[in-house]
Amino acid sequence: MKRLVTTTASMTLVAFSVLAQDPVVGTWKTQVGTTAAIDECAQGYCITMKTGSSAGKRIGSFQGRNGNFTGTIVEPESKKIFTGVLTLSGDTVHMRGCTMKVICVSLIWTRL
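What comes next concerns the included structure. Everything numeric in this text was worked out from a predicted model, so none of it was measured. (Residues numbered from 1 in each chain as written. Predicted model: local features only at pLDDT ≥ 70, side-chain atom pairs only at ≥ 80, totals over all residues. Heavy atoms only, no water.)

**Some words on the nonpolar core**
Inside soluble globular proteins, nonpolar side chains tend to come together where they are buried. For clarity, the cut-off: The criterion is simple. A nonpolar core is a set of buried Ala, Val, Leu, Ile, Met, Phe, Trp, Tyr and Cys residues joined through side-chain atoms within 4.5 Å. Exposure is judged per residue with a 1.4 Å probe applied to protein chains only, and the accessible area is read against the type maximum: over 50% gives exposed, under 20% gives buried, and values in between give partly exposed. In DSSP terms, a helix is any run of H or I states spanning at least four residues, a strand is any run of E spanning at least two, and both are numbered starting from the N terminus. Between two residues, a contact is recorded if the distance between any of their heavy atoms is within 4.5 Å.
Residues V24, I47, F62, V93 and W109 are the most contacted members of the largest nonpolar core, which totals 18 residues. At the level of secondary structure, the elements contributing two or more residues to this core comprise β2 (35–41), β3 (44–49), β4 (58–65), β5 (68–74), β6 (81–89) and β7 (92–99). Excluding residues within four positions of it along the chain, F62 makes contact with V24, I38, Q43, G44, Y45, I47, F69, T70, G71 and L86.

**Here we look at the packing of aromatic side chains**
Just so we agree on the cut-off: The pairing test for Phe, Tyr and Trp rings, Trp by its six-membered ring, is centres within 6.5 Å, and the orientation test on the planes gives stacked under 30 degrees, edge-to-face over 60, and tilted for anything in between.
Considering all chains together, one arrives at three aromatic pairs under this definition. A ring pair is formed by Y45 and F62, whose centres lie 5.6 Å apart and whose planes are at 20°; its orientation type is stacked. Taken as a pair, Y45 in strand β3 and F62 in strand β4 lie far apart in primary sequence, 17 residues in all. On the accessibility criterion, Y45 (10% relative accessible area) is buried. Judged by relative accessible area, F62 falls into the buried class, the value being 4%. Ring geometry for F62 versus F69: centroids 5.3 Å apart, planes at 75°, classification edge-to-face. Ring pairs connect the aromatic residues Y45, F62 and F69, which therefore count as one cluster.

**Thoughts on the sheet that holds strand β8 (residues 103–111)**
The following threshold applies: For two strands to pair, DSSP has to find at least two bridges joining them. Convention adopted: a line fitted to C-alpha atoms gives each axis, helices being fitted over their contacting stretch, and angles between N-to-C directions are expressed from 0 to 180 degrees.
Around the barrel, eight strands lie side by side as β1-β2-β3-β4-β5-β6-β7-β8; this closed barrel has antiparallel pairing. With strand direction ignored, the average angle separating the axes of adjacent strands in the sheet is 30°.

**Regarding unusual backbone geometry**
A positive phi angle, close to 70°, is found at K79, a residue other than glycine. Secondary-structure assignment places K79 in the loop between β5 and β6. Positive phi, close to 55°, is recorded for M100, a residue that is not glycine. Summarising the element assignment, M100 is placed in the loop between β7 and β8. For M100, a relative accessible area of 66% gives the class exposed.

Without other data, these values stay purely geometric and don't point to any function.
Laid out in structure tokens, this is it:
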């Protein structure tokens, strides 16, 4: 009986850790109506376009936790690299980045 309880408790902990992904992981709708996926990767988190002309392309990576992240994102059409911050607030991701420390943009994505 003791072995059954220990095994069940271990399985519960494993299942909980799998379900406890960072809230930023998921599928997001961009401002232009395409979709992008944010997943865990070797760099921390990676952004891959799911729809549109850049579908399948990895366009960014970032690191951080607790809703505050830093990293880079590539604008797929112009190939410009923006360095900046990403903040998570509920079902909204706010991104602000600059290229050459001169041209800055802000994006807001919503969770699907």
